[in-house]
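Residue strings, one per chain:
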Amino acid sequence: MKGGWLRIYAIGYLVFLYLPVVLLPMFAFNEGTVIAFPLKGFTTEWFVQLAGIEALHGALLNSVFIALVTASLSVIFGICAARASTRFRFPFKGPIMGAIMVPLVLPEIIVAVSLLVVVVQVLDLPLSAWTVIAGHTLICTPFAIAILSSAFQGLDQSLEEAAVDLGETRWGAFKNIILPLVSPGIVASFLICFTISLDEFIIAFFLTGAEPTLPVYIWSQLRFPTKIPAVMALGTLMLVASLIILSVAEYYRRRGVERVGGKDSGGFL
Amino acid sequence: MGVRTIATRLDSDAKRGLLLVSPTAVYVLLLLAAPLAAVVTFSFWTQDFLTIDRSFTLDNYREAFTDPLYRVLMIRSLVISGIVTVVTVVLAFPIAYFVSFYVPPERKALWIFLITIPFWTSYLLRVFLWKVILGFNGVLNSGLISLGLIDEPITFILYNANAVVITLAHAFAPFTILPIYVALEKIDRSLLEASRDLGENRVTTFFRVTLPLAMPGVIAATLIVFIPTIGDYVTPRLVGGPNGLMIANMIQTQFLKLNNAPMGATLAVLAMCAVTAISLIFVLMNRRYLR
Amino acid sequence: MSIISLKAIEKYYGDYHALKGIDCEIAEGEFFSLLGPSGCGKTTLLRVIAGFEDVSSGTVVIGGQNMAGVPANKRPTNMVFQSYAIFPHLSVAENVGYGLRRARLPRAELAEKVNGALKMVGLEGFGGRASHALSGGQRQRVALARALILEPKVLLLDEPLSALDKKMREQMQTELRRLQRQVGITFILVTHDQEEALIMSDRIAVMFEGEIAQLAAPQELYRRPLTRRVGEFIGVMNFLDARQVDTGISQVRFDVDGLGEVEIKPEQLPKGARSFYSVVGLRPEALSIVYDGSPKSAVPGKVVDLSYYGDMTYYEVQLEGTSSPVTISMKNLTSRPVLERGAETQVTWDAGSLVVFAS
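Source: prediction; values computed, not measured. (Residues numbered from 1 in each chain as written. Chains lettered and ligands numbered in written order. Predicted model: local features only at pLDDT ≥ 70, side-chain atom pairs only at ≥ 80, totals over all residues. Heavy atoms only, no water.)

(A) Spotlight on the overall build of chain A. A count of helical and extended segments in chain A gives 11 helices and zero strands. Helices and strands in chain A line up, N terminus first, as α-α-α-α-α-α-α-α-α-α-α. In terms of overall dimensions, chain A has C-alpha extents of about 70 × 65 × 35 Å along its principal axes. Taking all contacts inside chain A whose residues are at least 6 apart in sequence as the whole, residues at least 24 apart take part in 68%. (Helix = DSSP H or I, 4+ residues; strand = E, 2+ residues; numbered from the N terminus. Contact = heavy atoms within 4.5 Å.)

Encoded structure:
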């Protein structure tokens, strides 16, 4: 067996990674109201309970709205920046692209605090879904750029020139050749941004208005021990939804790699 | 005339690029650069309940440096972030190495996918579940007791810095494994064979060839863990207990509970400066690997 | 009648002077090659003609029309790219028919044209294939069909054979030539391979550092290179220092290192300024090893090295009075045994094949 000790270590590490993930559905289907071992009987009561919580539905709708708008904006900003950086040479390219990617390495609380100061103290605007969208777009755009850049980078520049040579206008070549070829990257980055926004808490907690997002709602419930089994059920559903979305994203990303005839180097980021 | 035509030509390509990048650049300028400037400005002001005093003062900074509470929090934050970073990177490196060197190429994508899945569970719930695992009658303790390894629940792993380190090491796992993995994948395998051919054994080859070439990935991983960790207030709040609280918790409290935005801004600026300074020193120390 | 005329083309990238005053006329229906080492500006010149690069100054006229301000998609030229640029998300037929989409032809007519183009390049029945499953040679053919279907006035080929293996390359060279004769339009080929240029072209422009060093038909280019550098770039050439001895009416006498006195006709001399000191160029086949008889002029030499090619042998022979050996090519006949390293021999030459360069 190759890499014997490393393989054992790797499996141990995977157990460490999956420990909380495995516990989530276990407690979601557990009859007991206390989150502890030993488990009691099997129940779907907590899932049924979820259907009756009005505040939860509001938070869910709010979060989905925020995630949709965030993902759309991030992908548009991402396309602009990724295309500009992979296709054109322009002055101050390094510093400009660097500044755009900064939110990726900035502590999220700094993003949250600085937007809060501007919105509340400087502009004196009310906090709302849009303030959360502003913050989420800021942190999602670098992810979109990272994914889209590799999609644009893989393209042979001659493809675009060939289309122009065969009679297309610049815009026509972009629309008919470039966009179809990077569309898997666009779908993948949209789904990733959607998922990040849906799960983001630190920024949302600062910037959310009267209507909480789903994570902010969950945070408020964690203080009440009786609400926790239902939260576990909710988390289980969210995990399943995330996995479906990510599988679709991964499928599109791979199809994109195949489409331009590249070799799959595996994984996001 | 020659010079003028050159200038206009340069412009046409550059103009297109600048035009295309401008929506994104303007967004970042308006929603990141301007707000950061506002935070810095605020840190020089003071607030009394709801009214802001806009006269320039260094009082906040004086207080931040003299009040032992702030100092303790800041030092603890940096220490915890540092420990988290070291633990996470050291734990992650063998995994990246294993996937890159021992997993057959067609199964690498699957392994990477497996590693990233837990990351997509709700962050809040992951942290909460660590609390359940590490708790007094949590999963770990009941497991160890039923195995007969311990008689009484162990308590040094919840509501302190240890719990924060474990939880964050878990949260940042994929962020560390991926950059190291990418760097390892880029290493030309014939370099390792060349090293063996020139008389080094597996271990010395690792330290003389593999590790130096993987350093860009290790450095990226280190920064990706260290910087955001400073800004986390969820983990310390849920599993850290009173002695595990960090500077981000204080920033949050200043802004949302005490209504002292200027003090919060000051702490945020200081945290940012500390993180930037440490990161820069770290990168400079390792710059020979980054050529 | 020329289909393309380039007048005083200048091209700068920032401070870098990529094209320096290119003047050139390309005739209708000719196979024209731009030949030169990488970085000489040949691809830039091709892209200037295609409209992918603006000129800093100068004019490009195609088919009697000034191309200033005419974008690539409006020019009567089509291009075969070095990477072939086959659209990976479209089928072979969709690739070939791509440029006809704007013509809005009825479906049957479009299919007929596409089939015709595929047949022309020997890919009949490949229309339904996915384009990413094609081999290198097949991609090249698709690229050709895609460009030729639009019946351009000029077809531009950017190093189209460089990605193919040797066998395939030789096959495509013949085929491109056949295709060009069949469709009768002007082909402009960019290549760094001198042999390829010689085989395929009607005329060749040799470029160095953004300038055309010589523009001539292959035979003239090989026999009468204008400069030492052109002679060196095309095929193999030996260079020997020479001094002018005496000028007559119909011939000039030179004292050539290693060979002695040689009579040279005026057409072998460089145009324009001449000087007392010159360099004489000799192709390997202009020198020969003496096997029988005693030619009028012959000098002794010693074989220092040799390369055996089956049909030919290339000898490195050290002559007296020269610093480095000369290369001599000999056909291998049974009556001419291959000499061994170190053999002493006699070397003779064809005086009419000598080329004199201004020193």
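So that's the structure; there's more coming.
(B) Region of interest: the pairing of strand β13 (residues 260–264) of chain C. Bridge count between strand β12 (residues 252–256) of chain C and β13(C): five bridges; the pairing is antiparallel. Paired with C:Phe254 across the two strands is C:Val262, which belongs to β13(C). (Pairing = 2+ DSSP bridges.)

(C) Structural detail: the confidence of the model for chain A. Residues and elements named next belong to chain A. Of all residues in chain A, 93% have pLDDT values of 70 or greater, and the mean over the chain is 85. Taken element by element, chain A is modelled with least confidence in helix α11 (residues 228–259), mean pLDDT 81, and with most confidence in helix α3 (residues 54–87), mean pLDDT 93. In this model, residues 263–269 is a region of pLDDT below 50 whose contacts with residues beyond four sequence positions or in other chains number 20 contacts. (pLDDT = per-residue confidence, 0-100.)

(D) The pattern of salt bridges, seen in detail. Residue and element names in this part refer to chain C. The final tally for this structure, using the stated rule, is 22 salt bridges over all chains. Note that Glu 263 and Arg 253 form a salt bridge whose closest N and O atoms lie 3.2 Å from each other. With Glu 263 in strand β13 and Arg 253 in strand β12, the pair connects residues that are 10 residues apart, well separated along the chain. Judged by relative accessible area, which is 41%, Glu 263 ranks as partly exposed. (Salt bridge = Lys/Arg side-chain N within 4 Å of Asp/Glu carboxyl O. Buried < 20%, exposed > 50% of the residue type's maximum accessible area, 1.4 Å probe, protein only.)

(E) Expanded view of the sheet that holds strand β20 (residues 355–358) of chain C. Residues and elements named next belong to chain C. If you walk across this open sheet you meet the five strands as β13-β12-β11-β14-β20, and the pairing is antiparallel. Bordering the open sheet on either side are β13 and β20, each of which pairs with just one other strand. If you compare each strand with its neighbour and ignore which way they point, the axes differ by 40° on average. As judged from the five bridges shared by strand β11 (residues 238–247) and β12, these two strands associate in the antiparallel manner. Its bridge partner being in β12, Ala 242 is matched across the sheet by Val 256. (Axes fitted to C-alpha atoms, helices over the stretch in contact; angles between N-to-C directions.)

(F) Spotlight on the interface of chain C and chain A. Across the contact, 20 residues belong to chain C and 18 residues belong to chain A. Together chain C and chain A conceal approximately 1800 Å² of surface at their shared face, both sides included; 58% is due to carbon and sulfur atoms. Our count for the contact surface shared by chain C and chain A stands at two salt bridges. For the salt bridge of A:Glu168 with C:Arg101, the shortest nitrogen-to-oxygen distance reads 2.8 Å. The interface formed by chain C and chain A includes nine residue pairs in polar contact (both at pLDDT 80 or more). Its residues assigned to classes, the side of chain C that touches chain A comprises 10 nonpolar, six polar and four charged. (Buried area = accessible area lost by both parts, 1.4 Å probe. Polar contact = N/O pair within 3.5 Å; in protein donor to acceptor, adjacent residues only side chain to side chain. Nonpolar A, V, L, I, M, F, W, Y, C, P; charged D, E, K, R; others polar.)

(G) Expanded view of the nonpolar core. Formed by 227 residues in total, the largest nonpolar core has its most connected members in B:Val234 and C:Ile188. Filtering out sequence-adjacent residues up to four positions away, C:Ile188 remains in contact with C:Ile4, C:Ile26, C:Phe32, C:Leu34, C:Leu46, C:Ile49, C:Val154, C:Leu155, C:Leu156 and C:Leu157. C:Val80, C:Phe126, C:Leu161 and C:Ile185 belong to the second-largest nonpolar core, a separate cluster that totals 33 residues. (Core = buried A, V, L, I, M, F, W, Y, C linked by side-chain atoms within 4.5 Å.)

(H) How the structure looks around helix α10 (residues 202–230) of chain B. Helix geometry: α10(B) is bent most strongly at B:Met215, by close to 50°, with proline B:Pro216 lying one to four residues after it. N-capping of α10(B) is provided by B:Asn201, with a side-chain oxygen placed 3.0 Å from the backbone N of B:Val203. (Bend = angle between axes of the 7 residues up to and from the residue.)

(I) Layout of the domain arrangement of chain C. Residue and element names in this part refer to chain C. Structurally, chain C comprises domain 1 (2–229) and domain 2 (236–358). Relative to domain 2, the C-alpha centre of domain 1 lies at a distance of 39 Å. With eight residues of domain 1 at the contact, the number on the domain 2 side is 12 residues. Regarding the contact of domain 1 and domain 2, the summed buried area is about 820 Å², with carbon and sulfur atoms giving 53% of it. Looking at the side of domain 1 facing domain 2, the largest losses of area belong to Tyr 222, Arg 224 and Arg 228, adding up to 72% of the total buried there. In this assembly, domain 1 and domain 2 are joined by three residue pairs in polar contact (both at pLDDT 80 or more). Here the side of domain 1 that touches domain 2 gets three residues from one element, more than from any other, and that element is helix α7 (residues 218–223). (Domains from an automatic or database assignment.)

(J) The side chain of B:Arg126, seen in detail. Looking at the secondary structure, you find B:Arg126 in helix α5 (residues 123–134). One buried charged side chain, B:Arg126, makes no salt bridge at all; its nearest oppositely charged neighbour is A:Asp199, positioned 4.7 Å away. For B:Arg126, the side chain forms a polar contact with the main-chain oxygen of B:Phe119, separated by 3.2 Å. Those residues in contact with B:Arg126 that sit more than four places away from it in its chain are A:Pro20, B:Pro118, B:Phe119, B:Thr121, B:His170 and B:Ala171. (Lys, Arg positive; Asp, Glu negative; His and termini not counted.)

(K) Quick look at the domain arrangement of chain A. All names here are of chain A. Split by domain assignment, chain A resolves into domain 1 (20–52 + 222–260) and domain 2 (71–209). For domain 1 and domain 2, the distance between their C-alpha centroids amounts to 29 Å. Taken residue by residue, the interface counts 11 residues in domain 1 and 11 residues in domain 2. Carbon and sulfur atoms make up 80% of the area that domain 1 and domain 2 hide from each other, which totals about 980 Å².

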